[in-house]
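Survey of secondary and tertiary structure
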Amino acid sequence: QVQLVESGGGLVQAGGSLRLSCAASGRTFSSYARAWFRQAPGKEREFVAAISWSGGSTYYADSVKGRFTISRDNAKNTVYLQMNSLKPEDTAVYYCAAGGYSPRASPNSYDYWGQGTQVTVSS
């Protein structure tokens, strides 16, 4: 059985920071690209950041460039999203995903998904 479990979400003031984690179980994901998506109420799920299987390539949405950093630790089968300078518009449920090799923005590129973790940024 394959599971992706996000953690680290919560309530933070604007300008603050959070670090999200996504741990995998049931199999290793070292050969898969990993990504983060988010979905705010009433909106479509949108791409946030992705990282290649080797960690050598990263890709960010324009809205988070310079503020968010994606990283991975294949030995721990875990991907992270460091979020700095948070804004109220970052409020959403954040989902981690895995699949393929290349960091892609399309959710159709990923085969496995976590259950999501809530991030709320207050003004």
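Figured I'd write up the structure that's included with this text. Here the structure is a predicted model, which is why all the values come from computation and not from measurement.

A look at the side chain of Thr78
Topologically, Thr78 is positioned in strand β8 (residues 78-83). Note on Thr78: relative accessible area 9%, which makes it buried. Of the polar contacts made by the side chain of Thr78, one reaches the backbone oxygen of Lys76; its length is 2.8 Å. Residues contacting Thr78, with those up to four places away along its chain left out, are Ser21, Cys22, Ala23, Arg34, Arg72 and Asp73.

Comments concerning the side chain of Asn77
Within the element layout of this structure, Asn77 appears in the loop between β7 (68-73) and β8. On the accessibility criterion, Asn77 (10% relative accessible area) is buried. Discounting residues that sit within four places of it in the chain, Asn77 has contacts with Cys22, Ala23, Ala24, Arg27, Thr28, Phe29, Ser30 and Arg34.

Reading guide: rules and limits
Residues numbered from 1 in each chain as written. Predicted model: local features only at pLDDT ≥ 70, side-chain atom pairs only at ≥ 80, totals over all residues. Heavy atoms only, no water. Helix = DSSP H or I, 4+ residues; strand = E, 2+ residues; numbered from the N terminus. Buried < 20%, exposed > 50% of the residue type's maximum accessible area, 1.4 Å probe, protein only. Polar contact = N/O pair within 3.5 Å; in protein donor to acceptor, adjacent residues only side chain to side chain. Contact = heavy atoms within 4.5 Å.

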